[in-house]
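Summary of the model geometry
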Amino acid sequence: MSCVCPGERVPLFPPTARCEHRRPGQSAWVTAEGTDRRTRVTVLVALAANLVIAAAKAVGGLAAGSPALLSEAAHSVADSLNEVFLLAALRRSRRPADRRHPFGYGKERFFWSLLAAVGIFVMGGCFSFFQGFEALAGGAEEDTGGYVAGLIVLGIALLAEGASLLRALYQVRRQGGTGAGLRDPALRTVVAEDGTAVLGVTLAIAGMALHMVTGQVVWEASASLAIGALLVYVAYRLGRDARDQLIGEAADQESSGRIRELLRAQPEIDSVEALFTMKTGLDTALIAARVDLVPGLDSERVEDVAVRIKRSIARTVPEADQIFLDVTDHRAREAAESPAATGERGGA
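Residues numbered from 1 in each chain as written. Predicted model: local features only at pLDDT ≥ 70, side-chain atom pairs only at ≥ 80, totals over all residues. Heavy atoms only, no water.

Attention now moves to the confidence of the model for the chain. Residues with a pLDDT of 70 or more make up 81% of the chain, whose mean pLDDT is 77. Note on residues 1-30: pLDDT under 50 across the span, and 66 contacts to partners over four residues away in sequence or across chains. Overall, residues 338-344 carries pLDDT values under 50, and its contacts beyond four positions in sequence, including any with other chains, amount to ten contacts. (pLDDT = per-residue confidence, 0-100. Contact = heavy atoms within 4.5 Å.)

In structure tokens form, the structure reads like this:
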């Protein structure tokens, strides 16, 4: 049997290897599918509420000539389109890996969430700013005719948005609270949208009411501008999170720490030279480690060690979907790079 040569790197897993012990009995997949179904219901509830509310706000805003109400209508239209994006994310991100995408389609979830953030910014935030500045420019020409009906529409919208937010928060609680539950970009976006909608409707009601009481359009214009600023901020936060996940965000520190401790505890591993992790989906991650084995292991023993470590990592970190180990001899590499070996100044 052959031995591992000093300085030689031996990949223990081929690039397309998947850990067949990642989800014993496929239970994790079942859990993920069940979570997706509940999230899909949450998104559908938010979509239905936003479609009805958008229509009511648009009609009321046009009838009353209210910039704040029209801003809220644009907000609801943007939210409705974003929920369509999120439904696409839930469906497409669960497609199995294939030859063209060997790491799967998990990052589709992050891509569609990024589009949702762009939609909030463009359709909601920019239109709200436009309505606010237009109201300020119109000044005294603004009247409050039909505002009572507009306030009634906003009151109904507040109840509907509040119910949708409660449903989303209930889903977050079922998935482990704000820490674990908000890892899902689809659910995180729904919570952000509904929370922003409740606050936006409140601002619109305050602006319209103050306009009616004082006769000054500046209150309603300020409400529109505040709604626009709120939407831009939420879009920025959602977009930043989606960007980080798209370009390759590392697994959480707790999981990385558990993997590093597991590798260091193996008697055949002399040292862990490097550990790299990257999220490839909502509940999947790529793990790559460069390890220095103790001297004297033959190739058959190396293979047995590799299989055991692979299974241990899969049991310790269930999201470890792809596992790669790179065996290297740290001492041999240092010797090969020393001045004596390279002939640089100072070598013997």
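Before going further, it helps to spend a moment on helix α6 (residues 185-214). If you check α6, its first and last C-alpha atoms are 42 Å apart, about what 30 residues at 1.5 Å a residue would give, namely 44 Å. In the segment just after α6, G215 is the residue with positive phi, at about 75°. (Helix = DSSP H or I, 4+ residues; strand = E, 2+ residues; numbered from the N terminus. Expected span 1.5 Å × (residues − 1).)

This paragraph deals with a nonpolar patch on the surface. A surface patch of nonpolar side chains, amounting to about 450 Å² of accessible area, comprises F133, L136, L210, V218 and W219. Elements with a minimum of two residues in the nonpolar patch: α3 (108-138) and α7 (217-246). One can find L210 in helix α6. (Patch = residues over 30% accessible without salt bridge, like charges linked within 9 Å, V, L, I, M, F, W, Y side chains within 5 Å. Areas by Shrake-Rupley, 256 points an atom, 1.4 Å probe, with all protein chains shown as cover. Salt bridge = Lys/Arg side-chain N within 4 Å of Asp/Glu carboxyl O.)

What follows is about the packing of aromatic side chains. In this description, a pair of aromatic rings is defined by centroid distance and the angle of the planes. Applying the stated criterion to the full structure yields three aromatic pairs. Relative to W112, the ring of F85 has its centre 5.7 Å away and its plane inclined at 40°; by these criteria the two rings are tilted. Note that F85 is positioned in helix α2 (residues 67-92) and W112 in helix α3, a separation of 27 residues in sequence. One exposure class covers both F85 and W112, and it is buried. The exposure class of W112 is buried, given its relative accessible area of 17%. Three or more aromatic residues link up through ring pairs in this structure, and these residues are F85, F111 and W112. Lying across the ring of Y105, R95 places its NZ or CZ 3.8 Å from the centre. (Phe/Tyr/Trp six-rings, centres within 6.5 Å; stacked < 30°, edge-to-face > 60°. Buried < 20%, exposed > 50% of the residue type's maximum accessible area, 1.4 Å probe, protein only. Lys NZ or Arg CZ within 6 Å of the ring centre and 35° of its normal.)

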